[in-house]
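The lines below spell out each chain.
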Amino acid sequence: MALTRRSLLRRGAAGLLAICCSNRSKARTGIGGVFDMVVAENPGSGTGKEIPSGDEITLGVSAAFSGPSRGLGRELYRGAKAYFDHVNENSLLGHRITLKLYDDGYQPDPCVRNTMKLMLEDRVFLLFGYVGTPTVTRVLPLLKKFQNERVYLFFPFTGAQPQREPPYGEFAFNLRASYRQETSGLVENFVRVGRKRIAVFYQADAYGRSGWAGVRAALGEHGGQFVGEATYRRGQRFTSSMRAQVEILKATSPDAVICIGSYAACAAFARDAVDLDLRVPIANLSFVGSENLLQLLTQDREDPDSYTRLLVNSQVVPSYEDLSIPAVREYRQLMARYDPQVPADLAQEPYQPFPQSFVSLEGFLNAKLMTEILRRLGEDRGRAKLEEAVFSVQDFDLGIGEMVSFGPNRRQGLQTVYYTIVRDGRFVTLDDWESWLG
Amino acid sequence: MKIEKLFQKTRFGIFALFGMIVLSTSLLCIYTVDTQLSSEYESNTRNIAQSIADSSVDILLNRNLASLQSLIDQFVEIQGIRYIYITSERGEFLAHTFVPGIPREILGSDPSSTEPVERRIPGMGDFIEVGSPILAGVAGTVHVGMDMDIVALKIQRAIGQQVILISILLVLGVLASIWLVNLAAKPLGGLLDYAVRVAADPEKDGASEDELLTRDDEVGDLARLFRYVSGHSSGWKKPGAPTTRAP
């Protein structure tokens, strides 16, 4: 067949589409053909009964350990590692749990490559603790492609819908509440206190679109729509200017802005909004990494509250300051005891970890539930029984006051969304929206 | 002595001929490459829009806008494509790749139009935008914007490469022609020198004349003929002229 530019373009396009839409017949003629080739070179694959070797269970992680969002990957890892260290040290599972880590810098293509490596070369038992929507949404078709392997993705740090719905929902298990729930709660509260003119600032990718869709749907339930929208490219740093975005939204006279982004970009937006006199509540989702955001907005400031007075962040785990919660006490104790650090080869860029954070608490809870599922898997540690083990989790108490249950039509463990504002340089729970915005 | 006058017009003629060939070939090349590549880029853009439209149906019906965004984000990485946006059947923007916001030129356009449109968006550049309906338009429309600057650059590069090749051939052709003309002119120059010397002193022969007289081409024939003629006419005098040697 003559190889023209057009035919090449069509083949590439067909492959891209096939990955996105799991159209396998098209994939074989396009990019998907590459995956077929890799499988053929690994004849042991496809059994669905891979058993961890020796006394170790290896979980594969691809997350942002570098780049502007490195705080998320590192904190999530630290929280999970604290609990796994506890499990290993006290032989709570009978087997050691190890993590095979790769850095994707919060970029989709490296994440796909890392996942291929984890599945086909490292042959990890399952995938765990991935970070981000644009990364995870690109990995999901891979899981479907290798569905005979039964490699599941556990507890990704994203609240997007693709890993909660067909056609990929069956390959992932989520613990945290969804972005749809977070945005719905934010809109609900804003509308309740009379702030109906809501604008959206979001990352121009699948994550941003997921949150955008959540806000749109929530406002639609109230018979409205957002008054303005502005976007930014993934990977922006705090030093980036968001003045153009602020100007776009300011022109629409919003009562509140909901941000769906990473901490560096959202902090830059909050800073520029205040500087350009857009003084309305600015809400961020849990993915933002509240402590990282707060640090950027308060460090080296004469008035540390100047940029944070109108911040409200939704969270999917309770406050790590609330010592009445058993899991929080356990988390703080184990974080202090083990103080896990990211391996040196993944920690090239400078980063000062937080003693406690919402992100590391989420990682901790992820690890705790993962351990429980592996415990339920018992000695027959084949992947084929993994789903069954997950579905056996019914009304399980993680120690945060909300029972966790899974089932074929319930692939998300927690449903609660919490709201926090900044007081005295730290995030505290917001219970009374009227008083706050009164 | 050089034969400048005889070959000056020849050189000019060769140069003019080659110049005309280069000019006409270049113009034809520019027209052909520009037309065909422009058509191909537009066609590719249309194919991409069609591909996205075909694959968006299930995603749209499932209201999975994150997957839709992920889909168009992958296509916008293809070189030349600067923006993609998808509108619903009611004209609402469901997914797009614009930063920091949707330009006014796009907001003010007909969201259901699928005809190719040339756009100039301040701060972004010039684009050719192609649309493709999703599910015959009842589920929305995909719009793909191809950067005309990049397309123009690619076309200019393709044309430039061809013009450079033709120009190199021109230079080589002219140099070769000059060399070939000089190759013919050199023995003629020698013949002229010889003729002048023989006319001045028919008895004087040198080694250089031997080389000329032993040539087996037309120049050698002319030299021998000239020697023969000058030897038999040494006593000939022009009527009314003083007694002297020819010429």
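A. Just the confidence of the model for chain A, in detail. Summary statistics for chain A give a mean pLDDT of 88 and a share of 87% for residues scoring 70 or more. In the model, residues 1-51 of chain A has pLDDT below 50 throughout and makes 81 contacts with residues more than four positions away in sequence or in other chains.

B. Seen up close, the sheet that holds strand β7 (residues 228-232) of chain A. Residues and elements named next belong to chain A. The seven strands are arranged β7-β6-β8-β9-β10-β13-β14 in an open sheet whose pairing can be described as mixed. Of all strands in the sheet, those with a lone pairing partner are β7 and β14 (426-429), marking the two edges. Each strand of the sheet is rotated relative to its neighbour by a mean of 25 degrees, with strand direction disregarded. Here four bridges tie strand β10 (residues 311-315) to strand β13 (residues 418-423), and the two strands are oriented antiparallel to one another. In the sheet register, S314 faces β13, and the bridge partner there is Y419. Relative to strand β6 (residues 198-203), helix α8 (residues 206-221) is tilted by about 165 degrees, and along the sheet it contacts β6, β7 and β8 (256-260). Contacts between helix α10 (residues 263-275) and the sheet are confined to β6, β7, β8, β9 (282-284) and β10, with β9 contributing the most and set at about 175 degrees to the helix.

C. Quick peek at the confidence of the model for chain B. Residue and element names in this part refer to chain B. For chain B, the average pLDDT comes to 83, and 88% of its residues sit at 70 or higher. In this model residues 234-239 is a low-confidence stretch, pLDDT under 50, and it forms one contact with partners more than four residues away in sequence or in other chains. For residues 243-247, every residue scores under 50 in pLDDT, and the model assigns this stretch six contacts once sequence neighbours within four places are set aside.

D. Here's a closer look at the pattern of salt bridges. Under the definition given, this model contains 29 salt bridges over all chains. Note that A:R138 is salt-bridged to A:D109, the shortest N-O span being 2.5 Å. In this pair, A:R138 is assigned in helix α6 (residues 133-145) and A:D109 in helix α5 (residues 108-121), connecting sequence segments 29 residues apart. Each of A:R216, B:E89, B:R90 and B:E92 takes part in a single network of salt bridges with overlapping partners.

E. Expanded view of the environment of A:E372. Residues and elements named next belong to chain A. Relative to the assigned elements, E372 resides in helix α13 (residues 358-377). Owing to a relative accessible area of 10%, E372 belongs among the buried residues under this scheme. As a C-alpha pair, E372 and V390 span 18 residues in sequence and 9.0 Å in three-dimensional space. At a separation of 2.7 Å, a polar atom in the side chain of E372 contacts the side chain of R376.

F. Here's a closer look at the packing of helix α4 (residues 70-89) of chain A against helix α12 (residues 326-338) of chain A. All names here are of chain A. Remark: α4 packs on α12, axes separated minimally by 9 Å, with the N-to-C direction vectors making an angle of 80 degrees. In terms of axis orientation, α4 runs roughly perpendicular to α12. Residue-level inspection shows R78, G79, A82, Y83, D85, H86 and E89 of α4 in contact with α12, the latter providing E330, L334, M335, R337 and Y338. Here the contact of α4 with α12 is composed, by residue class, of five nonpolar, two polar and five charged.

Scoring rules and cut-offs
Residues numbered from 1 in each chain as written. Chains lettered and ligands numbered in written order. Predicted model: local features only at pLDDT ≥ 70, side-chain atom pairs only at ≥ 80, totals over all residues. Heavy atoms only, no water. pLDDT = per-residue confidence, 0-100. Contact = heavy atoms within 4.5 Å. Pairing = 2+ DSSP bridges. Helix = DSSP H or I, 4+ residues; strand = E, 2+ residues; numbered from the N terminus. Axes fitted to C-alpha atoms, helices over the stretch in contact; angles between N-to-C directions. Salt bridge = Lys/Arg side-chain N within 4 Å of Asp/Glu carboxyl O. Buried < 20%, exposed > 50% of the residue type's maximum accessible area, 1.4 Å probe, protein only. Polar contact = N/O pair within 3.5 Å; in protein donor to acceptor, adjacent residues only side chain to side chain. Parallel < 35°, antiparallel > 145°, perpendicular 65-115°, else oblique. Nonpolar A, V, L, I, M, F, W, Y, C, P; charged D, E, K, R; others polar.

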